[in-house]
Amino acid sequence: MISILCIALVALIVSLFLRYFTAFFSSTVHAHRSVASIRAFLHSPNKGIEELLTERAKANERLVEGMGLSNTFVSPDRTVHKAFTMQARELIKTPQARWTDFRHLTTQAIHAELANSESHGTLFDRFVQSVTLRVVLVGIMGVQTAVDSLDRESIVVVVEGITKLWSLSKKPSPASRKLLVDVKHHLRRLVLDEDTFPNPLNFVVPAWETLWRVVATAIAYTHDNPRLEKLFLEVYVNPKEEVFRAEGKDGVSVKGVVDETMRLHPPSRHISRVRPRLGWSWVPGALLNVMEKLWPGTQFQRGYADVEEIQRSSVWGEDAHVFDPARHSTGRLWEGQAETMSFSFGYGPLRCIAASWAPMAVAVISASIFDCLEGGEYAVVPGPNIGAREGWRGWRIESSSCGRSRSKKSENTSKTPGKPSA
Ligand code: HEM
């Protein structure tokens, strides 16, 4: 009898231990979904910049091999951080990045893409990707070539390649490594200045990858709304911050449209970090890495700030999933909502350096596309769903030669907005 009891007791202890052991060492990922929790997660006050960079670099490790990055997103080194963020800040201050010049560049980029499209039109996502890449290369990175003479074949290889590499980056294979070589080769054909950009992907990925998706989504929400389209055309005619922020009688502004787009579809849906598990932070990093190689998932804990979730949470009311740019009108946004909005660009010392610049850039690129469509020669044909990095099946920019009866586009691209097409 006693021996049966002993066996049962031992079995109970073993099963409890195993449960504890597996729970502790399992590679569960911790999601942060409240304002306080996200803030503490991304900027714990007792951590220095080096520790924050190490946690980010560890979370983004796969992008070194998968995307060929060597910038501050994958480096724990504070000198890399300082140099990279300084260079990025300078780039968005370049003369081409001033709004009137930026609009001019964008219009040229759009015409270059449309001129190259097939007679019946082009894929919507490919079009926005290509236009935005041209603008990023010349307008931000200062490539010394006319925006419409950038090699089209290379543009296509780079936009398609980067998109594909993202989905392959979780599991790099010989095929993805070959694709990366191809992307790098074509990007080098576009960005000749090796001294300023030893690895152009370092800039193209954070700038282009985020911008094109916000542009595509903002257009997807507004292309069939003449009232919103008209607001964008006003920004096109007069690309100034005041016009971007100007609210109509209903409180809607272009800024409101861009903010609402980023609320519902933040390009960085999850901001990840990997840090030593509780109790292991005293162990030197190098030793932790060795232990992690021997017993994967036991030394480090992955977590993420769930930006998408918090920006669609109940603080936005019962219709949180509905696109409503009027939410952002003056006086309507309350503190709890504004706090969640700010996470689109991260939080703390590693927050995006382009947080104030990027929304206006999105507005100018979208406005230039609307201006082109307004003439009636081209139209957005929607697909069943709004995509993200992928998922734009069915979306097209269609030419009127496909049977649409539309007026001929004026040659003058800086016209006063007329009545927008529905
Ligand atoms: C709508 C467009 C953009 C969005 C939504 C966005 C989002 C973000 C987010 C969420 C982070 C923080 C990442 C983290 O903490 O791990 C970040 C950082 C950063 N972004 Fe952006 N970004 C945008 C556009 C850009 C552009 C156009 C540039 C370059 C010109 C840029 C350059 C950077 C840099 C350099 C950092 C790192 C800052 C640091 O480490 O201190 N971003 N961005």
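This section reports on the structure supplied with the text. (Residues numbered from 1 in each chain as written. Predicted model: local features only at pLDDT ≥ 70, side-chain atom pairs only at ≥ 80, totals over all residues. Heavy atoms only, no water.)

### A closer look at the environment of Glu374
- If you trace the backbone, Glu374 turns up in helix α17 (residues 357-374).
- Sequence separation between Glu374 and Glu229 is 145 residues, and the spatial gap between their C-alpha atoms is 8.9 Å. (Helix = DSSP H or I, 4+ residues; strand = E, 2+ residues; numbered from the N terminus.)

### Examining the pattern of salt bridges
- Overall, the coordinates contain 22 salt bridges when judged by the stated rule.
- In this structure, the salt-bridge partner of Arg33 is Asp306, at a minimum N-O distance of 2.8 Å. One end of the pair, Arg33, is in the loop between β1 (30-32) and α2 (35-42); the other, Asp306, is in strand β4 (residues 300-306), and 273 residues separate them in sequence.
- For Asp306, a relative accessible area of 3% gives the class buried.
- Residues Glu55 and Lys47 are paired through a salt bridge, measuring 2.8 Å at the closest nitrogen-oxygen approach. (Salt bridge = Lys/Arg side-chain N within 4 Å of Asp/Glu carboxyl O. Buried < 20%, exposed > 50% of the residue type's maximum accessible area, 1.4 Å probe, protein only.)

### Some thoughts on the packing of helix α6 (residues 99-116) against helix α7 (residues 124-140)
- Put simply, α6 and α7 touch, their axes get as near as 9 Å, and they point 135° apart. Classed by the angle they form, the pair α6 and α7 counts as oblique. Our pair here, α6 against α7, has a crossing hand that is right-handed. From α6, Phe102, Leu105, Thr106, Ala109, Ile110, Ala112, Glu113, Leu114 and Asn116 reach across to α7, where they touch Phe127, Ser130, Val131, Arg134, Val135, Val138 and Gly139. (Axes fitted to C-alpha atoms, helices over the stretch in contact; angles between N-to-C directions. Parallel < 35°, antiparallel > 145°, perpendicular 65-115°, else oblique. Left-handed = near helix turned anticlockwise from the far one by under 90°. Contact = heavy atoms within 4.5 Å.)

### Here's the deal with the coordination of the iron atom of the ligand
- From the protein, the iron atom of the ligand takes a single donor atom, Cys352 (SG), 2.3 Å away.
- Position of Cys352 among the secondary structure elements: in the loop between α16 (335-341) and α17. (Donors = N, O, S within 2.8 Å, 3.2 Å for Na, K, Ca; no water.)

### Let's talk about the site of the ligand
- Near the ligand there are 26 residues, and of these Arg56, Phe73, His81, Arg273 and Cys352 occur at the shortest range.
- Interatomic distance of 2.8 Å between a side-chain N/O atom of Arg273 and an oxygen atom of the ligand.
- Elements with a minimum of two residues in the shell around the ligand: α5 (78-91), α10 (201-222), β3 (270-276) and α17.
- In terms of residues, the shell around the ligand owes the most to one element, α10, which gives four residues.
- For the shell around the ligand, the per-class residue count stands at 17 nonpolar, six polar and three charged. (Near = heavy atom within 4 Å. Polar contact = N/O pair within 3.5 Å; in protein donor to acceptor, adjacent residues only side chain to side chain. Nonpolar A, V, L, I, M, F, W, Y, C, P; charged D, E, K, R; others polar.)

### Some points on the pairing of strand β6 (residues 396-399)
- Looking at chain direction, strand β2 (residues 121-123) and β6 are connected through three bridges and run antiparallel. Looking at β6, one finds that Gly121 is bridged to Glu398.
- In this sheet, β6 lies alongside strand β5 (residues 378-381) in antiparallel orientation, the contact comprising four bridges. When the bridges of β6 are listed, Val381 appears paired with Arg396. (Pairing = 2+ DSSP bridges.)

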